[in-house]
Amino acid sequence: MQQQDYLSSGFPYFRKILIIVCLLAFNALSNSLYGQQRTVTGTVTSADTGETLPGVNILIKGSSTGTATDIDGNYSIQVPSSDAILSFSFIGFEVLEIRAGNNSTIDVALEPELSALTEVVVVGYGTQERAKVTGAISSVSSEQIRALPVPNLASAIQGRAAGVSVTNAGSPGTDPIVRVRGIGTVGNNDPLYVIDGVPAGGLNQINPADIESIEVLKDASAAAIYGSRAANGVVLVTTKKGTQGAARVSVDSYYGTQTAWRQLDLLNRDQYLDFGRDLLENGGDSAPQRFDNLGEFANVETDWQAEMFRSAPIQDHNVAISGGTETVLYNVSVGYFKQEGIMRGTGFERVSFRSNTDFKINDRISIGQTLTLAYSDRDNEPFSGGRSQIEHIVKQVPYIPVRDASRLGGFRSPDRVDGSDPENPVLNAELRTNRQQDFKILGTGYVDVAIYDNLKYKFLVGLDIGLGTQDQYTPRFDAGDFNFQPFASIQQNRSTFVSPLISNQLSYSKTFGDHTIDALAVLEQQTFKQTGLQGSGQNFLTNDVRVLQGVQNQTTSGNETEYALISYIGRINYDYAQKYLISASVRRDGGSRFGPANKWGTFPSLSLGWRMSEEGFMQAVPEISDLKLRASYGETGNDRIGDYVYQGTINSNFFYNFNESLQGGSTISNLANADLRWETTIMRNIGLDLGLFNDRFNLSVEWFDNTTEGMILGVPIPPSLGYDGAPVANVGNVSNKGLEFTAGYRKYTGDFQFSIDGNIGFVNNELTSLGTGNTIFGPGFQGDQMTFTEEGQPIAYFYGWQTDGIFQEGEDSSMQPNASPGDIRFVDTNEDGTIDDADRTNLGHYLPDFTYGLNLSANYKNFDLNMFVQGVQGNEIFNLLRFHTEGMTRLFNAGTQVLDRWSPENPNTDFPRAVSGDPNRNARASSRWIEDGSYLRIKNLSLGYTIPAATLEAFSQGSISNIRVYLSSQNLLTLTDYSGYDPEIAVRTGVDSTLGTGIDYGQFPAARTIMAGLQLTF
């Protein structure tokens, strides 16, 4: 009891002693920690010039603590201990790491980085230092993409790679057309896209913010390692991975608005009425009944362009977290992109997720994975009546109102009393649904084993899955005599694409003395399976049911195709003292698309390089930091000919009257060709690389000669054989020759820093032989073919008649018996005294004489300016839209140019008379519609401001390491003589992308975009 009282009464005393001891210990520990943590200051300069460097990043290695130098190159940072390592990094200079020790002042001189030499370039199945590259490779970095936001992968290389032509389609979510060094076939000319090592498609599902680098392999030395799929070039896409350090979160977001940068001048209501009367009177017809009394439309004047074009928002938001240790690296991101079209009824939305991780199991084994998940939802432009929306816009009658509540559906279009039948484009945009939804899974997993110090084995599996659904729906409506539908039309198409890849890669690297050898052996297999299911039906009862349930006239059909490719690959690179370079590769592909005797193709390449700058006699010229001469030769293939082409497939779409009843039948409609083989392209390339003044100035020159042999064409057969289609065979040859120049200069010292890079590429295309193949006509219009392909000319040149002025009163028109004064005179090119089909000739080509791009990046203290100028020169456009605005063949609205049409009172004009029926065929395919498509465009312009590091430190207590805000624009200024909506003409939906490119049917124009953005890192 006494003991208990003692403890009870003494406990406060012992508690006080314990508290005092703890406080003393804490104070000692605090003094100890405080003694270790201290402030380090210093100045950072350039080692070669002595100038101070503002904006240098200083980071305590292994943490997120960091700062940056001020405008005078000074810095101050708190270091936790003497063991802390300070990492100094700055664009254009080598990274420098220094242990803090007991120093309170650390001045640093950074060495300029020979960027063009030390840069690591992604090549097929690996990487290589730029100094050792012997092939023609163009690169685009994540910094370039991040500085100037782009909506898709292909747009990121537009104007940035010499010899690479990228033509954007203005409609949101539409794939651009990419051509690498011309066109080598009348078939598929798309390059091969390889994403994280997997040949894959679905480019619009790839978020540009996730891309670390893009490399375009242009010659055989670089591309032949992809063998049978590399004839049109290869685009390698590498997504971002983690780096060592504390977790780093980055936010990249922008929001903007888009508008049409140009609209056409169309006739107003009164001009249209006068024009219509003249057109019909000259054709011997009377004016429509409505012309005499507009009645309810007397006060209506509709601007159809204003009704259809709109200010449309665009937004992009991305969040990424990355970091890692010596054993684990990670990079995870999510993204959301939404773009509404500048025309009603169009838009594109994408949600993406990416996860890339790498694990180091031990000193010899590493594993990792890449994963991209993406969902996209696209509202396609409706095509109804065979016409684009723009065609409906320019043809629509200006006195017709957009809406009419008394009509089923609520819209109005012309009736028979109006004498014209254009559809209401607003109706099409708001009532018709054409929705494409796609889900993409693209992933890889790998195991990397270091068998010996120089011998590594990599096992990689990849999977590309695409799931697509297209829903098309049109409700019952009645907008007029020519624009009505008595039933709801429902159609759904579903597609599934699955492509697994299995790759075994063995690599060996060894340096002994001045000799370095890198060898690679690969065995891989990739298969492709695509299935489709299509269903359609009609509902005569209601507009409320939008699924194929309880509908009439229901039809279903399906399809399935498979393709397999197995490949054996070998490559060896050798260099002597980084002076003499040799690279050789060979790939042997076996593909199921070709006949039994030709299922295998072999694709070799050889390239040589001589770095003259490493020779002793060049040391007397210190201004030259790099001088390299390269040459390569090799063969690549094109297997994109479709599946089962070499076989005599059975067509079941035949019916025969048997016993007074139609019975289904099947037959072989095309002759087979079991000897069908690859299209092969022989590539020759000579290049010169020059670097001056520690590589601040760079110049690269390329000459190339690509010859495609065995182009696949249809072979003529006599009708007596009884087959509908001609067999295909390897009978055509194509030549593409050209020059490419790339130059750049960088200044990364002082308050004002800048870099400027430019490129220009020339290419000449010629079909040198058709063998026994058919001559090839392109798409037709009004009974005329608009492109033609024949020997001695470029593929798909514009084809038609040359014009020679306008017939005047009293002039001889005997060669054109249907001509009258005011009609167009055409040239008798073959001088046979008759104007007929034989007088058609080459009117130009859509391939430009050259393409070019100019990139400017500048920084002054905390401000930055980025500008990207892109253009083409010397190409022609077949402006078929002018047929709709100036054709004057029947009653539609037109452009104001027709106000200057020929008449006896206005004979001195370039525009023919207006005559319904067009007896002289003034509107035929001719040079009248051919225009110069050259343009120069400020593709991107961005002005940004980065908040100073000291301000951020005071504001966020070190939690935020970078904030940049910017204003940006796309297509801000376009200089062109082209009269249409936009000179950047891709290809109309449903038209062959090789034979119909450059024909402007009224394609969706590019938008001018103004946006504001925020880039945040913490």
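Residues numbered from 1 in each chain as written. Predicted model: local features only at pLDDT ≥ 70, side-chain atom pairs only at ≥ 80, totals over all residues. Heavy atoms only, no water.

Asks: Let's hear about the pairing of strand S16 (residues 234-239): which residues, and what values?
Replies: Taken across its 6 residues, S16 has 5 buried, putting it largely inside the fold. With 4 bridges connecting them, strand S13 (residues 192-195) and S16 associate as parallel partners. Bridging from a neighbouring strand, Leu 192 pairs with Val 234 of S16. Bridge count between strand S15 (residues 211-217) and S16: 6 bridges; the pairing is antiparallel. Bridge pairing in S16 links Glu 215 to Leu 236. (Buried < 20%, exposed > 50% of the residue type's maximum accessible area, 1.4 Å probe, protein only. Helix = DSSP H or I, 4+ residues; strand = E, 2+ residues; numbered from the N terminus. Pairing = 2+ DSSP bridges.)

Asks: Tell me about a nonpolar patch on the surface, residues and numbers included.
Replies: A grouping of Tyr 580, Trp 610, Phe 617, Leu 629, Ile 686, Leu 688, Trp 703, Leu 739, Phe 741 and Phe 762 is seen on the molecular surface, where their side chains present a nonpolar patch of about 860 Å² in accessible area. Breaking the nonpolar patch down by element, the ones donating at least two residues are strand S34 (679-692) and strand S36 (728-747). Mapped onto the fold, Leu 739 is located in strand S36. (Patch = residues over 30% accessible without salt bridge, like charges linked within 9 Å, V, L, I, M, F, W, Y side chains within 5 Å. Areas by Shrake-Rupley, 256 points an atom, 1.4 Å probe, with all protein chains shown as cover. Salt bridge = Lys/Arg side-chain N within 4 Å of Asp/Glu carboxyl O.)

Asks: Tell me about the side chain of Arg 38, residues and numbers included.
Replies: Relative to the helices and strands, Arg 38 resides in strand S1 (residues 38-46). Within the buried set, Arg 38 has no salt-bridge partner at all; the shortest N-O distance to an opposite charge, 9.0 Å, is to Asp 83. Of note is the side chain of Arg 38, whose polar atom sits 3.4 Å from the backbone oxygen of Asn 103. In this view, Arg 38 contacts Ile 77, Gln 78, Val 79, Ser 81, Ser 82, Ala 100, Gly 101, Asn 102 and Asn 103; residues no more than four positions away in its chain are not counted. (Lys, Arg positive; Asp, Glu negative; His and termini not counted. Polar contact = N/O pair within 3.5 Å; in protein donor to acceptor, adjacent residues only side chain to side chain. Contact = heavy atoms within 4.5 Å.)

Asks: So what about the packing of aromatic side chains? Which residues, and what values?
Replies: On inspection of all chains with the given rule, the structure shows 27 aromatic pairs. A network of ring pairs unites the aromatic residues Tyr 272, Phe 291, Phe 297 and Tyr 399 as a single cluster. The ring of Trp 801 has Arg 924 lying over it, and the distance from NZ or CZ to the ring centre is 4.8 Å. Just above the ring of Tyr 935 sits the side chain of Arg 937; from NZ or CZ to the centre is 5.4 Å. (Phe/Tyr/Trp six-rings, centres within 6.5 Å; stacked < 30°, edge-to-face > 60°. Lys NZ or Arg CZ within 6 Å of the ring centre and 35° of its normal.)

Asks: Give me the lowdown on the pattern of salt bridges, citing residues and values where you can.
Replies: Tallying each qualifying case throughout the model produces 49 salt bridges. Arg 99 is paired through a salt bridge with Asp 83; the nearest N and O atoms lie 2.8 Å apart. Of this pair, Arg 99 sits in strand S6 (residues 96-99) while Asp 83 sits in the loop between strand S4 (74-79) and strand S5 (85-89), placing them 16 residues apart in sequence.

Asks: Mind laying out the nonpolar core, listing which residues take part and the relevant values?
Replies: Soluble, globular proteins show a tendency: their nonpolar side chains are buried together. Ranked by size, the top nonpolar core spans 41 residues in total, and within it Tyr 272, Phe 275, Tyr 399 and Tyr 981 carry the most contacts. Within the residue set of this core, elements represented by two or more residues are helix H5 (269-282), helix H7 (304-308), helix H8 (389-395) and helix H9 (425-431). When residues in this core are grouped by element, the largest group, 5 residues, is from H5. If we skip the residues at most four places from it in the chain, Tyr 272 touches Leu 267, Phe 291, Val 397, Pro 398, Tyr 399, Ser 420, Leu 891, Phe 892 and Asn 893. (Core = buried A, V, L, I, M, F, W, Y, C linked by side-chain atoms within 4.5 Å.)

Asks: With reference to specific residues and values, describe the sheet that holds strand S2 (residues 57-60).
Replies: In space, the 4 strands of this open sheet follow the order S3-S2-S5-S6, with antiparallel pairing throughout. Edge positions in the open sheet fall to strand S3 (66-68) and S6, since each of these has one partner strand only. The average angle at which neighbouring strand axes cross in this sheet is 20°, direction not considered. Sheet topology note: the S2/S3 ladder contains 3 bridges and is antiparallel. If you follow Ile 58 over to S3, its bridge partner there is Thr 67. (Axes fitted to C-alpha atoms, helices over the stretch in contact; angles between N-to-C directions.)

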